[in-house]
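The primary structure of each chain is shown beneath.
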Amino acid sequence: MKSFDVFHYIERHIGQKVLVVIERDFGFEGQLSAISKDPPGIWLSEATAAILRGTLANPLPQVVSREKKSDLFIHLNSVLRIEVLRSGE
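Criteria and thresholds
- Residues numbered from 1 in each chain as written.
- Predicted model: local features only at pLDDT ≥ 70, side-chain atom pairs only at ≥ 80, totals over all residues.
- Heavy atoms only, no water.
- Helix = DSSP H or I, 4+ residues; strand = E, 2+ residues; numbered from the N terminus.
- Rg over C-alpha atoms; globule rule 2.2 N^0.38 Å.
- Buried < 20%, exposed > 50% of the residue type's maximum accessible area, 1.4 Å probe, protein only.
- Contact = heavy atoms within 4.5 Å.
- Lys, Arg positive; Asp, Glu negative; His and termini not counted.
- Charge placed at Lys NZ, Arg CZ, Asp CG, Glu CD.
- 1 Å grid on protein atoms, 1.4 Å probe; cavity = no way out; pocket = protein on both sides within 12 Å on 5 of 7 lines; lining within 4 Å.
- Points joined across faces, edges and corners; volume = space filled by probe spheres on them.
- Nonpolar A, V, L, I, M, F, W, Y, C, P; charged D, E, K, R; others polar.
- Pairing = 2+ DSSP bridges.

Thoughts on the overall build of the protein chain
Within the protein chain one finds one helix and six strands. For 89 residues, the compact-globule estimate of 2.2 N^0.38 gives 12 Å, and the C-alpha radius of gyration of the protein chain, at 13 Å, lies within 12% of that figure. On the principal axes, the C-alpha backbone points of the protein chain span a range of 40 × 35 × 25 Å. Relative to its 89 residues, the protein chain shows a buried fraction of 33%. Expressed as a percentage of contacts within the protein chain between residues at least 6 apart in sequence, the contacts between residues at least 24 apart total 51%. Distance from the positive charge centre (11 side chains) to the negative charge centre (11 side chains) of the protein chain: 5 Å.

A short note on empty space enclosed by the protein
Considering all chains together, one arrives at one cavity of 30 Å³ or more under this definition. If you add up the space inside the largest cavity, you get close to 40 Å³. For the largest cavity, the full set of lining residues is Tyr9, Ile10, His13, Val18, Leu32, Ile82 and Val84. Its residues assigned to classes, the lining of the largest cavity comprises six nonpolar, one polar and no charged.

Concerning the side chain of His13
Here His13 is to be found in the loop between α1 (6-11) and β1 (17-23). Accessibility expressed as a relative area gives 14% for His13, which makes it buried. Non-local contacts of His13, meaning those with residues more than four positions away in its chain, are made with Leu32 and Val84.

Remarks on the pairing of strand β3 (residues 40-53)
Pairing between strand β2 (residues 26-37) and β3: ten bridges, direction antiparallel. For Ala34, the partnering residue across the bridge sits in β3 and is Trp43. Hairpin connection between β2 and β3: a loop of two residues separates the two successive antiparallel strands. In this structure, β3 lies alongside strand β5 (residues 72-75), joined through four bridges in antiparallel fashion.

These values are about where atoms sit, not about what they do.
Listed below in structure tokens is the structure:
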């Protein structure tokens, strides 16, 4: 049986655009540029801070606002979820 490691999953998506959700209403978008095992985290390039909102009609949070940031490191302990975005998003 093959063991699953979150780092293997993340490595497959290096170079792709991702949304990293930190809190229910906040996250970062950017290109996944590198991962680090010690400390465990990811590096985003061309990052933007994203404000997320859900409504009763659409409970899945959507990005409603963005603010440009630079390259940044996000520790995996603070990540709720990582979404790989398609090129049109």
